[in-house]
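Structure assessment
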Amino acid sequence: MSASPTQGSLFGLDALFDNPLFAGGIGLASLGAAAAFARKGVIVALGAARRRLLVNVEISKQDPAYPWILAWLSQPRHAHGFIASRVTRIHDLSVTTTTDSRGAGLGGPATAHFFLQPGYGRHIVKFGSAYIAVNREKHSTANMNTGEPHEIVQLTTLWAHRHAFEAIFAEAHQLAAKAHEGKTIVYSARGLEWTPLGDPRKKRPLGSVILDEGVKESIVADVKDFLSKQQWYVDRGIPYRRGYLLFGPPGSGKSSFIQALAGDLDFSVAMINLSEMGMTDDKLAYLLTKLPKRSLLLLEDADAAFVNRRQRDVDGYSGASVTFSGLLNALDGVAAGEERIAFLTTNHIDRLDPALIRPGRVDMMLRIGEASRFQAEQMWDRFYGEVDQDGHGKKRFVARLETLGLFGKYGDGALSNRHTSTAAIQGLFLFNKDDMQGAIDMADGLIPRSFKA
Ligand code: ADP
């Protein structure tokens, strides 16, 4: 074994002491030197032994496994389940707090989540019969992309116990998968990296997003069909990509639908806002090469790229954001991931450039518009279905919206140019959660402000 040089030096020393020549004092002077030499030998040997006997695994913060391992290390010591074999000895914990203002009332407190994880420094963990040394370090150098300091977690154990690592990674992954069960992760671009935006969100049921008749079904069917056809694309050497353009006024459920669809498919969402400051062609192209696995790409405000082009044509100005050719290059790029489902959204279809409509860029274009009668009825059922079993309330509500001309025409069939949004109807229902008559009485609040004056 590699420890033998250490033992060899010590045995050598014993032999010297037994040597009668030493009794006479001869060589005493050299004993000090020999001891020093032996000590150095021990250190060198220990280093060699460490290199040969121990195994290290280093996980950097950029690696997807980093948060899994930290979560695994900070698991409480349950005496049941698959972590029964593990006894943690971590006493130095650090806390990461994320706050969430969703669901908080006006001025109300945000909810906070605390995630305890091993602090920086060294810890010892026992896994089965293996002792694992854990070293969490923050380096002084910074990540060029995010400006954050480099961070690593290093696990060390005996060579003989190296298989514990596989088991640990499997457990950590299983734990992470379990924590994300029923959740949708939304990634956003931070610098040149995709980072989760807040905590994973509870999956939104597809049924809770109410689009006009047949719209949702047609997109869902198309996406599912695409996902089942991978081999078809591979056989023909065609990039396995599909794009959808959803357009229409704000508050019509575009983002909600994409999030619900991702949840339904067990995908995450990778979101970029093209009108965001600092989003450039290069950055966009790079991010698209690094899309998180199993994610729907959501490019919001796609019209930002068209505006840019128009402005450039007019006055040669090219803003800091993405240009139209930059968007096309990023969508088409050879480097762009082979596998991709992209959703582009815009509130301004009039600014759309026809060059976008090409297989792999945008294969399907759908208007997600103002609330229709069909949507108003469906939303009513979701909110008041249980109390309004005979449907009288629904009839009165819809009749009122027609009287107000909110579906583009009045009750008598005369045209109106008024509409309302599904977001506004949802707001009205939320305000009158337990009071359907209240919702009917307050329906004139749905008239867009511009028509009220
Ligand atoms: P958009 O992306 O079209 O601007 P959002 O999806 O962000 O709209 O919707 C804003 C809010 O209104 C969300 O809280 C969403 O739940 C609600 N909402 C809007 N449209 C719908 C719809 N069609 N079905 C269900 N909820 C909707």
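What you see is a predicted model; the values in this text were computed from it and never measured. (Residues numbered from 1 in each chain as written. Predicted model: local features only at pLDDT ≥ 70, side-chain atom pairs only at ≥ 80, totals over all residues. Heavy atoms only, no water.)

**Re the overall build of the protein chain**
Counting its regular elements, the protein chain contains 15 helices and 18 strands. The buried share of the protein chain, taken over its 453 residues, is 39%. For the protein chain, long-range pairs separated by at least 24 residues make up 67% of all intrachain contacts whose partners lie at least 6 apart in sequence. (Helix = DSSP H or I, 4+ residues; strand = E, 2+ residues; numbered from the N terminus. Buried < 20%, exposed > 50% of the residue type's maximum accessible area, 1.4 Å probe, protein only. Contact = heavy atoms within 4.5 Å.)

**Observations concerning the sheet that holds strand β15 (residues 339-346)**
Strand pairs in the sheet, formed through backbone hydrogen bonds, run parallel or antiparallel to each other. An order of β10-β9-β13-β14-β15-β12-β16 is seen for the seven strands of this open sheet, with the pairing classed as mixed. Edge strands, defined here as strands with exactly one partner in the open sheet, are β10 (193-196) and β16 (364-367). Strand-to-strand twist of the sheet, defined as the mean angle between neighbouring strand axes without regard to direction, takes the value 25 degrees. Of the pairings in the sheet, the one linking strand β9 (residues 186-190) to β10 comprises four bridges and is antiparallel in character. Note on β10: the bridge partner recorded for Arg 190 is Glu 193. (Pairing = 2+ DSSP bridges. Axes fitted to C-alpha atoms, helices over the stretch in contact; angles between N-to-C directions.)

**Regarding the site of the ligand**
Within the structure, the ligand sits among 15 residues, and Ile 210, Gly 251, Ser 255, Ser 256 and Thr 422 are positioned closest to it. Here an oxygen atom of the ligand sits 2.6 Å away from a polar atom, N or O, in the side chain of Ser 255. Here an oxygen atom of the ligand and a side-chain polar atom of Ser 256 are 2.5 Å apart. Classifying every residue of the shell around the ligand by side-chain character gives five nonpolar, eight polar and two charged. (Near = heavy atom within 4 Å. Polar contact = N/O pair within 3.5 Å; in protein donor to acceptor, adjacent residues only side chain to side chain. Nonpolar A, V, L, I, M, F, W, Y, C, P; charged D, E, K, R; others polar.)

**A word on the pattern of salt bridges**
A side chain with one charge may pair with a side chain of the opposite charge, provided their charged atoms come close. Taken as a whole and assessed by the stated rule, the structure comprises 13 salt bridges. Asp 363 is the salt-bridge partner of Arg 242, the closest N and O atoms lying 3.4 Å from each other. Here the residue Arg 242 occupies a position in strand β12 (residues 240-247), and Asp 363 occupies one in the loop between β15 and β16, the gap between them amounting to 121 residues. Given the relative accessible area of 26%, Asp 363 is considered partly exposed. In this structure, Arg 361 and Asp 332 form a salt bridge, with 2.5 Å as the shortest nitrogen-oxygen distance. Linking Arg 361 in the loop between β15 and β16 with Asp 332 in helix α11 (residues 324-332), this pair joins segments that are 29 residues apart in sequence. (Salt bridge = Lys/Arg side-chain N within 4 Å of Asp/Glu carboxyl O.)

**What to know about the confidence of the model for the protein chain**
Of all residues in the protein chain, 74% attain a pLDDT of 70 or more, and the chain-wide mean is 79. In the model, residues 1-28 has pLDDT below 50 throughout and makes 14 contacts with residues more than four positions away in sequence or in other chains. Confidence drops under pLDDT 50 across residues 77-89; counting only partners more than four residues distant or on other chains, this segment forms 28 contacts. Interface confidence for the predicted complex, expressed as ipTM, amounts to 0.98; the pTM equals 0.71. (pLDDT = per-residue confidence, 0-100.)

**Comments concerning the packing of helix α4 (residues 65-73) against helix α5 (residues 163-179)**
Relative to each other, α4 and α5 sit at 95 degrees, their axes nearing to 8 Å. By the criterion of interaxial angle, the relationship of α4 to α5 is roughly perpendicular. Along its contact with α4, which presents Ala 65, Trp 68, Ile 69, Ala 71 and Trp 72, the element α5 presents Ile 168, Phe 169, Glu 171, Ala 172, His 173, Leu 175 and Ala 176. In the contact of α4 with α5, the residues fall into ten nonpolar, one polar and one charged. (Parallel < 35°, antiparallel > 145°, perpendicular 65-115°, else oblique.)

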